[in-house]
Amino acid sequence: MVLERKLTTIDEFESFLVQSDHGLFELIDGEIIEKVPTREHGMIAGNIVTAFNNYLNTREIGIAAVKARHRPPNDPHNDRIPDVSFVADTNKPIEREGAANYMPDIAVEIRSPKDSLKDMSDKAAFYLQHGTRMVWLIYPEKRLVEVLTPDARELLGESETISGGDVLPEFTLPVSAVFRRV
């Protein structure tokens, strides 16, 4: 006999979040998962969002955020929180409650000690399948950045530079800057 696993819906997840006293939670394929970022995690996210914001200060082409919730339209079982995100539309409303009902143009995920390589790959695939144009997977233990688009995959080391491609034209960030002071 196989027991059917009950998938948590967006409405149930929203109710859970209201009742939760603490923690940072995502809804991944109907399962509530707690995100447990470390100080290292926060420093890397800070380095990236600072670089995004420095670039965006001279170009009003979008908005960068840390830990902003996004959910694909018409998906009742996913509500994701990329570590850093960029949305290339300054006219979209800024949510004060709940998740944005669209995916970011760039999603950045920083590997936590509990994340497997499969977890990281699954996160990237999810974002790309739902309209994200570029995903950065950050691997602190190896000091590497994997950049994925629907058409390409690139693994960059500390001596290399990340390009914003057509999502962030003329944006570059040395991989070493991602890990600055980490």
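Structure: above.
Residues numbered from 1 in each chain as written. Predicted model: local features only at pLDDT ≥ 70, side-chain atom pairs only at ≥ 80, totals over all residues. Heavy atoms only, no water.

1. Brief notes about the sheet that holds strand β4 (residues 84-87)
Stage number 1. The strand order across the open sheet built from 6 strands is β3-β4-β5-β6-β7-β8, with neighbouring strands paired in mixed fashion. Two strands close off the open sheet at either side, each with one partner strand: β3 (63-66) and β8 (153-156). Each strand axis lies, on average, 15° off the axis of its neighbour in the sheet, ignoring direction.
Stage number 2. Two elements, β3 and β4, share 4 bridges in a ladder whose sense is antiparallel. Bridged to I63 within β4 is V87.
Stage number 3. In the packing of helix α2 (residues 39-56) onto the sheet, contacts are made with β3, β4, β5 (106-110) and β6 (134-139), and the angle to β3 comes to roughly 170°.
Stage number 4. Running over the sheet, helix α3 (residues 117-129) touches β5, β6 and β7 (144-148) and is turned about 165° from β6. (Pairing = 2+ DSSP bridges. Helix = DSSP H or I, 4+ residues; strand = E, 2+ residues; numbered from the N terminus. Axes fitted to C-alpha atoms, helices over the stretch in contact; angles between N-to-C directions. Contact = heavy atoms within 4.5 Å.)

2. Observations regarding the side chain of E146
Stage number 1. Here E146 is to be found in strand β7.
Stage number 2. Given a relative accessible area of 7%, E146 falls into the buried group.
Stage number 3. Looking at E146, its side chain comes within polar contact range of the side chain of Y139, at 2.9 Å.
Stage number 4. For E146, the side chain forms a polar contact with the side chain of R153, separated by 2.4 Å. (Buried < 20%, exposed > 50% of the residue type's maximum accessible area, 1.4 Å probe, protein only. Polar contact = N/O pair within 3.5 Å; in protein donor to acceptor, adjacent residues only side chain to side chain.)

3. Details of the packing of aromatic side chains
Stage number 1. All chains considered together, the criterion is met by 6 aromatic pairs.
Stage number 2. Judged by centre distance (5.4 Å) and plane angle (65°), the ring pair of F52 and F171 falls under edge-to-face. Of the two residues, F52 is situated in helix α2 and F171 in the loop between β9 (161-163) and β10 (172-174); the sequence distance between them amounts to 119 residues.
Stage number 3. Using a relative accessible area of 1% as the deciding quantity, one classes F52 as buried.
Stage number 4. Ring geometry for Y55 versus F171: centroids 5.3 Å apart, planes at 85°, classification edge-to-face. Placement of Y55 in helix α2 and of F171 in the loop between β9 and β10 is noted, with a sequence separation of 116 residues between them.
Stage number 5. Since its relative accessible area comes to 7%, Y55 is described here as buried.
Stage number 6. Of the aromatic side chains, those joined through ring pairs into one cluster are F52, Y55, F86, W136 and F171.
Stage number 7. Across the ring face of Y102, the terminal group of K92 is positioned such that the distance to the ring centre comes to 3.8 Å. (Phe/Tyr/Trp six-rings, centres within 6.5 Å; stacked < 30°, edge-to-face > 60°. Lys NZ or Arg CZ within 6 Å of the ring centre and 35° of its normal.)

Keep in mind these values describe shape, not function.
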